[in-house]
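Given next are the chains, with one letter for each unit.
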Amino acid sequence: MKFLLLTALLFSTQVIAWSVTPMSQDIKPGQRTFQIKIINKEGVAPVALRLKVMSRDINEFGGDKLTNTNDLLVFPKRMMVPAGKQLIARISVRKPNSSNHEKAYRLIVDQIPVKNTTDKNGIQVLTRYLTSVYLNPKQPKKVDFKIDSASIKASNIEIMATNNGNYHKVLLLSSINIGGTDIQTKIDPKNVLPGKSLKILLPVEHQKFKSGDILSFQNTCMICPKDESYQIPLN
């Protein structure tokens, strides 16, 4: 993604002086270690960080469903990055991917207070980076993605998409058109994991459209094939 921005998410209410790279990694079969770099070269103060890896699934709308995992081990789990410096965290693959499809994870980097400041829920998180990690299968890449349907609902148009391939698929809808009408709606990027389906909701005035109208859009994610487009009639 992952993509991705797609797939990667960044939450903050302040100017961010530190960063993480890369935001997405594909780990090949047989590769047992990899790393990320935490950069604080623009910072004027040290940043305290907590790192963890979680197994990743998605819900019906493409949101993350994260669970604890021992498949990957990150070291160190905590670090202090001085101002003007950068440090490396290393990740070991403890359980290689033996399935016939890609396995997805989130490598989470949380900034926490330098002082031991906590709230009622524990350690306060100031800033969070969610990076994507994919353990590739030994099998060749299989592409099998489709738009199943586009249905007129009470307050939106619901698109159903399915990924029967063995790698994740990123969707970034643009140039959306229904029945000859351009739709000026921004849709967040979606990451459809292997073997998963999801719903994409277009918040449009459904009264303007009828069954049989053609929904068309382009997929303009950075890692997607050029000129990838879809057309499907409304039902």
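Structure's up top.
Reading guide: rules and limits
- Residues numbered from 1 in each chain as written.
- Predicted model: local features only at pLDDT ≥ 70, side-chain atom pairs only at ≥ 80, totals over all residues.
- Heavy atoms only, no water.
- Pairing = 2+ DSSP bridges.
- Helix = DSSP H or I, 4+ residues; strand = E, 2+ residues; numbered from the N terminus.
- Axes fitted to C-alpha atoms, helices over the stretch in contact; angles between N-to-C directions.
- Phe/Tyr/Trp six-rings, centres within 6.5 Å; stacked < 30°, edge-to-face > 60°.
- Buried < 20%, exposed > 50% of the residue type's maximum accessible area, 1.4 Å probe, protein only.

A. Main features of the sheet that holds strand β15 (residues 157–163). Strand order in the open sheet formed by three strands is β14-β15-β20, with antiparallel pairing between adjacent strands. One side of each edge strand has no neighbouring strand; the edge strands of this open sheet are β14 (145–152) and β20 (196–202). Averaged over all pairs of adjacent strands, the angle between strand axes in this sheet comes to 20°, irrespective of strand direction. Bridge count for β14 against β15 is seven bridges, and the pairing is antiparallel. Bridged to I147 within β15 is A161.

B. Highlighting the sheet that holds strand β18 (residues 181–182). An order of β18-β17-β21-β22 is seen for the four strands of this open sheet, with the pairing classed as antiparallel. Edge positions in the sheet fall to β18 and β22 (229–233), since each of these pairs with one other strand and no more. Judged from the two bridges that link them, strand β17 (residues 173–178) and β18 form a sheet pairing that is antiparallel. In the strand pairing of β18, N177 is matched with D182.

C. Here's a closer look at the packing of aromatic side chains. All told, the structure shown has three aromatic pairs when counted by the stated rule. Relative to Y230, the ring of F145 has its centre 5.9 Å away and its plane inclined at 75°; by these criteria the two rings are edge-to-face. Of the two residues, F145 sits in strand β14 while Y230 sits in strand β22, which places them 85 residues apart along the sequence. According to the relative accessible area criterion, F145 is buried, its value standing at 14%.

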